Each structure stands twice: as structure tokens, then as C-alpha cells.
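Chains, contacts and geometry: an overview
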Amino acid sequence: MLCNTIAVVSVAIFLVYTWKVLNWVWFRPKKLEKCLRQRGLKGNPYKLLYGDLNELTKSIIEAKSKPINFSDDIAQRLIPFFLNAINKNGKTSFVWLGPYPVVLITAPEHVKEILTKSYVYLKQTHPNPLTKLLAQSLVNLEEEKWAKHRKIINPAFHVEKLKHMLPAFYQSCSEMLSKWEEIVPKETSFEFDVWPDLQVMTSEVISRTAFGSSYQEGRIVFELQKEQAEYVMEKGRSIYVPGSRFLPTKTNKRMLEIEKEIQTTIRRIIDKRLRAMKAGETNNEDLLGILLESNLEEIELHGSKEFGMTASEVIEECKLFYFAGQETTSVLLVWTMILLCLHPEWQVLAREEVLQVFGNDKPDLEGLNRLKIVTMILYETLRLFPPLPVFGRRTKEEVKLGELNLPDGVVLLIPAVLVHYDKEIWGEDAKEFKPERFSEGVSKATNGQVSYIPFGGGPRICIGQNFAMLEAKTAITMILQRFSFELSPSYTHAPFAVVTIHPQYGAPLLMRKL
């Protein structure tokens, strides 16, 4: 009797799991495909389990194997598969990332609604839990938890607080420029790759502004986060089979090792800071100090730890500071320098403005805020090379997006790199570097449309955008004060995405002392 019962239960469990697997890999995707087609969307037919992933991976490998000309569309190198899908099936069409349908969104009115209604269109999450190791933080949280974290973190990025971080920007940039001055001889140009130095400089900035006196320990976090990002991108382009994260593969083991080391390093820094705070020592001029102080105030205000962030959550936010802060500014700086090499007339105009405002003096906040030409150049660089080439969202219920009726369970992908290059929005010269577009600000340049999204938009707009812009202005100002630069003949134009847009073969420039 017992054996019969066990057999029946085992068969029932087997049938339930078999149904779940079949539903996941076939019935649900086919149902969603039929639904999307009935609602007027065109797209590729669904292929069992993999969808379009094989074609997507092949297109990226092929695109990465060939550099492009400056006049070419960078989307063909960054998101070739999505670009081909849009050319084939229209601006609003769908593709398949495994068994998940992805609707491509480029219309500004749709972009506006998706970014504005963050409670309807949630952040896209990959089913593989290992992809969350990069940072399970503000950028991934939803609804009440997101609101709580945003409120606690917000004071760290207030303009008044950023003013106190200028010395860290200045010191880190000075160290990089001193190195350059040592290797560049007088009265002649000298070729070297500026990209690694810009990455080191921006990581130094984050180390100093995030962790203050503990910035040496913070450097370890940067190196580890950089390695983790490459593994996360690799996992993000593959099918996740439930349970496979537990397999002792080389990549899985390394990702967990990195996570453990990052957790240990940041926890050590936080514990040291908390002990100092208990001893009455205050340090609320770096991001960690401001965050811990804001968190404590929120807990005391409500009389409960539930209203604050746990130690683990603070660690996750520190990981985000590191990755997002360093990556965004380093890529903005490298593409700005490359574009100023290609357009020397703008380099001259920017330098004239910098020297008029500061001479050879140290940049200050008031002067940086008066740099109109430099700001226009940075805005245009962010348009042509947005830090994140695509944004992902997902529907949590059936929604009506403009004229589109979208079922629950659909991923929405906004290719910022296509929105920023759309000739219907930006004109026939959309591919060209024309900072004068922003002479009267972003709103005028976009005619009030949500068509400029380097930092996202809506309530979830990047909390660190002012930090990134202030750091970039400081660095470009100091570089222009001391050097002129042009592209080296050895430069190869090959933008590619490692989460953000990197120059695949670096940025060899001919630098000349002024």
C-alpha cells in the first residue's frame, strides 16, 4: 500500500514538473506569440527553448570581428540583431530571447510612458540568479523597496554634497595628468592609449568619493566588479536552465568567488566606519558616510530598523556606486576625447571657454556650471554614445501602450542607441556630431519629446547623473588646460558593449603639451 502511494505521488510530481517545463519552453511562448500577432505585431517565429539567441550571439560575434567607419551607424555593431529585426519587421516588432518574447520600442511617446509609469513597467530581470551578482541594488528594486532605497540614497547625490567631492575629482585627475606630463615630451606629440588611464582615474574617483580614507581597499572592488561584468554579460546572452547555477563550472565558481571577496571587502570598510560613528567620529562627506548617516536617520525617525537598509543592502548599493559610477564617466570621457579629435574646431572652442573661465587655475563648482560649450559637447557625446545602448522593462499585467495592447509576461526593450540616431526626431544630420543642438538645453533639442535618454528617464532616472556630469566636466576642463590631442593613425573605430559602450581596441591618441 505504501509503495503504491509513493509511486502515485512520484508520478504526480513528475507530471507536474513535466507540464511546467513544457509550458515554459513551448505552450506559453506559443500562446504569447499568437497573442502578439493577433494584436498586429510582426516578429520572428518562436524556436523551441532558444528562440533567437543563437542568431543574436552570432550577429554580435560577427559585428565584433569587423571595425567600422566613423560615418557608419554604430547600432550595426552594438545591437546588429535588433537593428535587423526592426528593418525586417518594423520599428515596433518582437524577437525572442530564449522562451521570452521581446517587443522593441523606439517611438518617443511609448518610451515616455514606459519610463514614466515605473509601477506598471518593471525592470527587466534575467532568470539566471548569477546575473544579479553584479549589483542587486536600487537599479533592480521595485515599488516600495525601491522608494525606500531611493529616499535613503538621495542625500548622497544632492548638489551641496557633490560640491564636497570636487577635491576627489581634482586629485584623481591631477594624478593621471601628472603621469601624462611625464611621458609626453616637450614641443612634440606623443602617442599612447588614454582609455586605460581614464578607467583608472574614474575608479580612483569612485574609491575616494565612495569610501574616503578607505579608497585603497575600494580599488580591489573596482577590479573585481569589472571582471564580474564580463561574466554577467556572458550569462545574459545564454539560456538559463533552472538549477544550472549550482553546477560547479569554472565560470560559476569564479563568479561566486568574486562575490564573496567583494562582500568581505565592503563589509570590512562599512564595519570600520560604523565603529567610528559609534565613537563619535563623523565623516559624512563621502558617499558611504552620507548613506550610513541617512540610513540611521530614517531608522531613528520611524523607530524601527524595517524603515532602513540592512548591512547587505548597503553593500549592494556600494557595489552599484562602483560599477555604474566608474563605467558611466570613463566611457563618456573616452568618447568625448575621440570626438574632439575628429572635430578639432570644437576642441579649440572648448579650450577657449575653459581658459576664459579658469585660466590655468583649479576648477571650482561655480565655474564648472558656467561652461556652456563643454556641457553641449558632453550632451552630444552622450547622444551619440549613450552609456547603456539598451534599456529593458517588463509588463507585470496586460497593458495598453498607446495603440499597442501587450499581454502579461512580455519584455520591452528600448534601444537608446536607435532613439538617439532617429532621423525623424533629430533630422537628416542625426549621425553627425553637432553640439550646437543643445545650445538651448535638452528640452529644446528634443522638442519636448522623450528622445534623449542617456541616463534613462522618469522616476527611475539615474540618481548619479549629476555626479557623472560634474566629474566629466572637471576632467575635460583639466585635460584641455594642459593638452591638445588628435587621433593616432593606429586608432581603430570599434565601439562594443560590455554593459556600457567601450572602444574595443582602446583610444590611442597623439597628445601634445600646451
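The coordinates are above.
This text gives an overview of the structure that appears in the document. (Residues numbered from 1 in each chain as written. Predicted model: local features only at pLDDT ≥ 70, side-chain atom pairs only at ≥ 80, totals over all residues. Heavy atoms only, no water.)

1. Side note on the nonpolar core
Judged by nonpolar contacts, the single largest core of 142 residues is most densely connected at Trp180, Met337 and Met511. With 16 residues, the top contributor of residues to this core is helix α13 (residues 311-342). Dropping the residues within four chain positions of it, methionine 337 is found in contact with Trp180, Val194, Leu198, Ile476, Ile479, Phe485, Leu509 and Met511. (Core = buried A, V, L, I, M, F, W, Y, C linked by side-chain atoms within 4.5 Å. Buried < 20%, exposed > 50% of the residue type's maximum accessible area, 1.4 Å probe, protein only. Helix = DSSP H or I, 4+ residues; strand = E, 2+ residues; numbered from the N terminus. Contact = heavy atoms within 4.5 Å.)

2. With respect to the pairing of strand β3 (residues 100-104)
Successive side chains on a regular strand alternate, one facing one side of the sheet and the next facing the other. Counting buried residues along β3, 4 of its 5 residues qualify, which places the element largely inside the surrounding structure. Where strand β2 (residues 93-97) lies against β3, 4 bridges are found, and the strand directions are antiparallel. Note that in β3 the partner of phenylalanine 94 across the bridge is valine 103. In sequence, β2 turns back onto β3 through a hairpin of 2 residues, with glycine 98 there showing a positive phi of about 65 degrees. Two strands pair when backbone bridges link them, and β3 and strand β9 (residues 411-414) are joined in this way by 3 bridges, in the parallel orientation. Residue pairing across strands places valine 102 opposite valine 411, the latter belonging to β9. (Pairing = 2+ DSSP bridges.)

3. Description of the sheet that holds strand β13 (residues 508-513)
Strand order in the open sheet formed by 3 strands is β5-β13-β10, and the pairing between neighbours is antiparallel. The strands lining the two open edges of the sheet, one partner per strand, are β5 (190-193) and β10 (483-487). With strand direction ignored, the average angle separating the axes of adjacent strands in the sheet is 35 degrees. Here α13 sits on the sheet in contact with β10 and β13, set at roughly 80 degrees to β10. (Axes fitted to C-alpha atoms, helices over the stretch in contact; angles between N-to-C directions.)

Remember that the coordinates give geometry; whether it matters functionally is a separate question.
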